[in-house]
Amino acid sequence: YEQRLDSAVEEVFGAMLGISCTPVAAAGWTRRQETIGAIVGLAGALRGSCMVHVNRASGMRIAELLTGSADNDSGMIHDALGELCNMIAGTWKGGIPELAADCMLSPPVVIDGYDFQLYPQPSPFHIQGRYQFEADELEVTLQGSIGK
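In this report, we go over the structure that sits alongside the text. In this text the structure is predicted, and so the values were computed from the model without any measurement.

The rules we used
Residues numbered from 1 in each chain as written. Predicted model: local features only at pLDDT ≥ 70, side-chain atom pairs only at ≥ 80, totals over all residues. Heavy atoms only, no water. Buried < 20%, exposed > 50% of the residue type's maximum accessible area, 1.4 Å probe, protein only. Helix = DSSP H or I, 4+ residues; strand = E, 2+ residues; numbered from the N terminus. Pairing = 2+ DSSP bridges. Polar contact = N/O pair within 3.5 Å; in protein donor to acceptor, adjacent residues only side chain to side chain. Contact = heavy atoms within 4.5 Å. Patch = residues over 30% accessible without salt bridge, like charges linked within 9 Å, V, L, I, M, F, W, Y side chains within 5 Å. Areas by Shrake-Rupley, 256 points an atom, 1.4 Å probe, with all protein chains shown as cover. Salt bridge = Lys/Arg side-chain N within 4 Å of Asp/Glu carboxyl O. Lys, Arg positive; Asp, Glu negative; His and termini not counted. Charge placed at Lys NZ, Arg CZ, Asp CG, Glu CD. Expected span 1.5 Å × (residues − 1).

## Describing the pairing of strand β3 (residues 46–55)
- Among the ten residues that make up β3, eight are buried, leaving the element largely enclosed by the rest of the structure.
- Bridge analysis of strand β2 (residues 34–44) against β3 gives eight bridges, and the strand direction is antiparallel. Residue L42 lies in a different strand from β3, and its bridge partner there is G48.
- Two successive antiparallel strands, β2 and β3, enclose a turn made up of one residue.
- Pairing analysis gives eight bridges linking β3 to strand β7 (residues 136–146), with the strands arranged antiparallel. Considered in β7, the bridge of M51 is made with T141.

## Topic: the side chain of R56
- Turning to its location among the elements, R56 is positioned in helix α2 (residues 56–67).
- Engagement of the side chain of R56 in a polar contact is seen with the side chain of D112, the distance being 2.4 Å.
- Residues within four places of R56 in sequence aside, it is in contact with E34, I36, S74, I77, H78 and D112.

## A closer look at a negative patch on the surface
- A cluster of acidic residues, D71, D73, D79 and E83, forms a negative patch at the surface.
- Within the secondary structure layout, D71 lies in the loop between α2 and α3 (74–94).

## Digging into unusual backbone geometry
- Positive phi outside glycine occurs at E134, with the angle close to 50 degrees.
- Structurally, E134 is set in the loop between β6 (125–133) and β7.
- Among the residues examined, E134 registers a relative accessible area of 40% and is labelled partly exposed.

## Description of the pattern of salt bridges
- Under the definition given, this model contains five salt bridges.
- Residues R56 and D112 are paired through a salt bridge, measuring 2.4 Å at the closest nitrogen-oxygen approach. Separated by 56 residues along the polypeptide, R56 in helix α2 and D112 in strand β5 (residues 109–114) bring together distant segments of the chain.
- Given a relative accessible area of 30%, D112 falls into the partly exposed group.
- Here E134 makes a salt bridge to R61, at a shortest N to O gap of 2.5 Å. Of the two residues, E134 sits in the loop between β6 and β7 while R61 sits in helix α2, which places them 73 residues apart along the sequence.
- Take R61: its relative accessible area is 22%, and that puts it in the partly exposed class.
- One continuous salt-bridge network, built from bridges that share partners, spans E34, R56 and D112.

## Considerations on α3
- In this model, α3 (21 residues) spans 30 Å end to end at C-alpha, consistent with the 30 Å of a helix rising 1.5 Å per residue.
- Where α3 is concerned, the buried positions are I77, A80, L81, G82, L84, C85, I88, A89, T91, W92 and K93.
- The backbone nitrogen of G75 lies 3.2 Å from a side-chain oxygen of the residue at the head of α3, namely D73.

The analysis is restricted to geometry; functional conclusions fall outside its scope.
Listed below in structure tokens is the structure:
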């Protein structure tokens, strides 16, 4: 499942943003700055969530790539990150036959602030990846329980 996450992130960035996004080591990642997080719930064959975290500069760059404009307000940045999270979750689960047709996604929820942490319920299934696109980074976490 972890390799599928890497390929889903690369696929979404290539198709939606027209750029490459590759896995990186965890060293250097910090949330001690303004962070934006998007969460998409998963229900059905996998019950859990997909979460994407970026700093404000990375969120601005994602919105710029999606809209074609560097003049994006917070609402556009939030919309762009929510859509990105939704596409990553959908692309990831779509490549796994046992989840593709029997796992639904919720609309995204976006959180914006300083040094926040999300605390999902402990779960047996947990994948986390850190990625770099251009000079920016993002973190993607999938967690939950597989099986009905």
